[in-house]
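What the coordinates show
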Amino acid sequence: MKRQVAFNKLFNLFVIMGAVFVYGACVMLQDDPELGRSVGGGIVMLVIAAHFILVPTILMPVIYLFDEKGVTICFLFFPNERYLWENIAAIEATDDRSDSRHPILDFFFSRVFEISGAVEGKERFYMQGHIRRSRRTKRLLEKYWDGKITGYFIDDVKAWVNKKKGKKKETPVDSAKIAAMERELRAEVKEWVKPYISKAEEIGLNADLKFVYTTKNLRESNSRPKENFIYIAIVRLSKIGEKDTDKVVEVSADLMKGYTHKKEYKGVKNKHAGDELTFYLEDTLKEISGNGIESYSDK
């Protein structure tokens, strides 16, 4: 399988800077006061050098491998992070300053491509789906992936201009795959919540299950939006016969993120949705059983 390589330039820069500080430390450790050298200064420079070399060596990707099936984010000591093109729902050009380890340098080198999709194998704590932005990584992503990279400022400007001119954005036409995923999720959720609905009835509660979509603007809809969305399961708990909406408790979990992808929708399931929904349902029912729904709905 033919592969093409792109380097993480930020990793290379940190290692080079570390080497510069190592050289400076070696000079300072010669301890010549007449030349302004000192052992203490050398030790400080060694600490700085270690910071620049060890942190990126352990935590940063070194290279990115692109091939016809997917992209691999390669680390020196950690298992590689791999995504297949067919399992990538979206790629967004964004910033990674929230995970900054070198604030000054990251201010200039924080730009990344963020992958939304299912990682191959076990998902580990350091896997973020981030590829450092460069002309080469952009070109290779566009070469191998059949979607459109979003998040560029110029795209937002164009969308705003088109909206002002009354031009309609081209909408996806194929919803077969996403509809199948939603049906599968609804069936799974009904099985997850079945025992908790029975528990709710035992303590005099109605438990209504519904599924909704929310968008970036937090607009809730019962029908699939023509933009990126989150598909959510909501269990509404209320006393039997109670009509006061202030005494209704809702327990929810995000099931899937949906993306408009060329002429179709693509979805990325939340692998932990079942655990999240059942955990909060169990906890909520226990508290209501002990203290009543009134005290819980006042929170």
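Refer to the preceding data block for the structure.
The following paragraphs examine the structure supplied in this document. If you're wondering where the values come from, they're calculated on a predicted model, not measured in any experiment.

Our next topic: the nonpolar core. Among the nonpolar cores identified, the biggest contains 27 residues, and Tyr231, Leu237, Leu255 and Leu277 are the most heavily contacted of them. For this core, the secondary-structure elements that each account for two or more residues are α6 (176-202), β7 (205-214), β9 (229-239), β10 (249-261) and α7 (273-291). Here the element with the most residues in this core is α6; it accounts for 7 residues. In this structure Leu255 touches Leu185, Val189, Trp192, Phe211, Tyr231, Ile232, Ala233, Lys269, Asn270 and Ala273, once residues within four positions along its chain are discounted. Val71, Ile91, Leu140 and Leu141 belong to the second-largest nonpolar core, a separate cluster that totals 23 residues.

Okay, the pattern of salt bridges next. Under the counting rule described, the total for this entry stands at 13 salt bridges. The salt bridge partner of Arg82 is Asp67, with a shortest N-O separation of 3.2 Å. Pair noted here: Arg82 is in strand β4 (residues 81-95) and Asp67 is in the loop between β2 (63-66) and β3 (70-74), with a separation of 15 residues, a long-range link. By relative accessible area, Asp67 is classed as buried at 0%. In this structure, Lys210 engages Glu220 in a salt bridge whose closest nitrogen and oxygen atoms are separated by 3.9 Å.

Before going further, it helps to spend a moment on the side chain of Thr137. With respect to the element layout, Thr137 can be found in helix α4 (residues 135-144). Looking at Thr137, the relative accessible area reads 0%, which means it is buried.

Turning our attention to the sheet that holds β7. Within the open sheet, the 5 strands sit side by side as β8-β7-β9-β10-β11. Their pairing is antiparallel. In the strand order of this sheet, the two ends are held by β8 (220-221) and β11 (264-269), each with one partner. Where β7 and β8 come together, 2 bridges link them in antiparallel fashion. The partner of Thr214 across the bridge, within β8, is Glu220. Lying on the sheet, α6 is in contact with β7, β9, β10 and β11; it crosses β7 at an angle near 160°. Sitting on the sheet, α7 touches β7, β9 and β10, and the angle it makes with β10 is about 165°.

Take helix α2 (residues 39-59) next. For α2, with 21 residues, the first-to-last C-alpha span of 30 Å sits near the 30 Å given by 1.5 Å per residue. Within the span of α2, buried status applies to Gly41, Gly42, Ala49, Phe52, Pro56 and Thr57.

On the surface, a cluster of positive charge is contributed by Lys2, Arg136, Arg139 and Lys143. Considering the arrangement of structural elements, one finds Lys2 in the segment before β1 (4-7).

So, on to the packing of aromatic side chains. Under the criterion given, the structure shown has 12 aromatic pairs. Ring centres of Phe78 and Tyr126 lie 4.4 Å apart, and the angle between their planes is 20°; this geometry places the pair in the stacked category. One end of the pair, Phe78, is in the loop between β3 and β4; the other, Tyr126, is in the loop between β5 (111-119) and β6 (130-132), and 48 residues separate them in sequence. Measuring from centroid to centroid gives 5.9 Å for Phe229 and Tyr265, while their planes differ by 65°, and the two rings are edge-to-face. A residue pair is termed long-range when its members are at least 10 positions apart, and Phe229 in strand β9 and Tyr265 in strand β11 qualify at 36 residues. According to the relative accessible area criterion, Tyr265 is buried, its value standing at 6%. Put simply, the rings of Phe211, Tyr213, Phe229, Tyr231 and Tyr265 pair up and form one aromatic cluster.

Moving on, we come to the sheet that holds β2. Consider a sheet: its strands pair through backbone hydrogen bonds, and that pairing is either parallel or antiparallel. Taken together, 6 strands build an open sheet; the order of strands is β1-β2-β3-β4-β5-β6 and the sheet is antiparallel. Each edge of the open sheet is held by one strand with a lone partner, namely β1 and β6. Going from strand to strand, the sheet's axes swing by 35° on average, the running direction of each strand aside. Sheet topology places β4 next to β5; 8 bridges connect them, and they run antiparallel. Directly across from Thr94, in β5, lies its bridge partner Val112. Sheet contacts for α4: β1, β2, β4, β5 and β6; angle to β1, the most-contacted strand, approximately 145°.

Scoring rules and cut-offs
- Residues numbered from 1 in each chain as written.
- Predicted model: local features only at pLDDT ≥ 70, side-chain atom pairs only at ≥ 80, totals over all residues.
- Heavy atoms only, no water.
- Core = buried A, V, L, I, M, F, W, Y, C linked by side-chain atoms within 4.5 Å.
- Buried < 20%, exposed > 50% of the residue type's maximum accessible area, 1.4 Å probe, protein only.
- Helix = DSSP H or I, 4+ residues; strand = E, 2+ residues; numbered from the N terminus.
- Contact = heavy atoms within 4.5 Å.
- Salt bridge = Lys/Arg side-chain N within 4 Å of Asp/Glu carboxyl O.
- Pairing = 2+ DSSP bridges.
- Axes fitted to C-alpha atoms, helices over the stretch in contact; angles between N-to-C directions.
- Expected span 1.5 Å × (residues − 1).
- Patch = residues over 30% accessible without salt bridge, like charges linked within 9 Å, V, L, I, M, F, W, Y side chains within 5 Å.
- Areas by Shrake-Rupley, 256 points an atom, 1.4 Å probe, with all protein chains shown as cover.
- Lys, Arg positive; Asp, Glu negative; His and termini not counted.
- Charge placed at Lys NZ, Arg CZ, Asp CG, Glu CD.
- Phe/Tyr/Trp six-rings, centres within 6.5 Å; stacked < 30°, edge-to-face > 60°.

Distances and angles like these do not, on their own, reveal function.
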